[in-house]
Amino acid sequence: PFVRVRGAMLHLPGKDKMRLYNSRSGDERLVLDRKLVAATPTYDIYRAGMGAEKIGWIEKKLISMTDTFDVYMEGKGGFGVTGLLKPPPAYRITGDFLD
């Protein structure tokens, strides 16, 4: 495997984090940290830990036929997270995530 995942989605302040580690070296590669105040489930993406730079964010779409998440890159245009002035998503993830 390429990465090892350690996380807990408990919906508690400061505890709703997912950490991805390089499976060979054990180095932390990414941290997903849930935003406390957001209209939809939103996770900030940090490179190599919480002390590092924010490189993007993931938002779950409110209305869709399947689970759909949009991945946005930091600094790629747009202003704010209101939905009106966001940049277009860099990636879109869809599917049934229960299987």
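You'll find the structure just up there.
Please read these numbers as outputs of a predicted model, since none were measured by experiment.

**Q** Would you mind showing me how to read the overall build of the protein chain here?
**A** For the protein chain, the helix and strand inventory stands at 0 helices and 7 strands. When the helices and strands of the protein chain are listed from N to C terminus, the series reads β-β-β-β-β-β-β. Within the protein chain, the fraction of its 99 residues that count as buried is 25%. A fraction of 13% describes how many contacts in the protein chain between residues 6 or more apart in sequence connect residues 24 or more apart.

**Q** Which parts of the structure should I look at to understand the pairing of strand β2 (residues 17-22)?
**A** Each regular strand shows side chains that alternate between the opposite faces of the sheet. Both β2 and strand β3 (residues 28-34) contribute to a ladder of 5 bridges, which runs antiparallel. If you follow Arg19 over to β3, its bridge partner there is Val31. Counted between consecutive antiparallel strands, the loop separating β2 from β3 contains 5 residues, among which Gly26 sits at a positive phi close to 80 degrees.

**Q** Could you clarify how one ought to interpret the nonpolar core in this entry?
**A** Looking at soluble globular proteins, one finds that nonpolar side chains tend to be buried together. Of all hydrophobic cores here, the largest spans 6 residues; its members are Leu32, Tyr43, Ile45, Ile55, Ile58 and Val71. The set of elements that each furnish at least two residues to this core consists of β4 (42-47) and β5 (54-60). Filtering out sequence-adjacent residues up to four positions away, Ile58 remains in contact with Leu32, Pro41, Thr42, Tyr43, Ile45, Phe69, Asp70 and Val71.

Here is what the cut-offs are and how they apply
- Residues numbered from 1 in each chain as written.
- Predicted model: local features only at pLDDT ≥ 70, side-chain atom pairs only at ≥ 80, totals over all residues.
- Heavy atoms only, no water.
- Helix = DSSP H or I, 4+ residues; strand = E, 2+ residues; numbered from the N terminus.
- Buried < 20%, exposed > 50% of the residue type's maximum accessible area, 1.4 Å probe, protein only.
- Contact = heavy atoms within 4.5 Å.
- Pairing = 2+ DSSP bridges.
- Core = buried A, V, L, I, M, F, W, Y, C linked by side-chain atoms within 4.5 Å.

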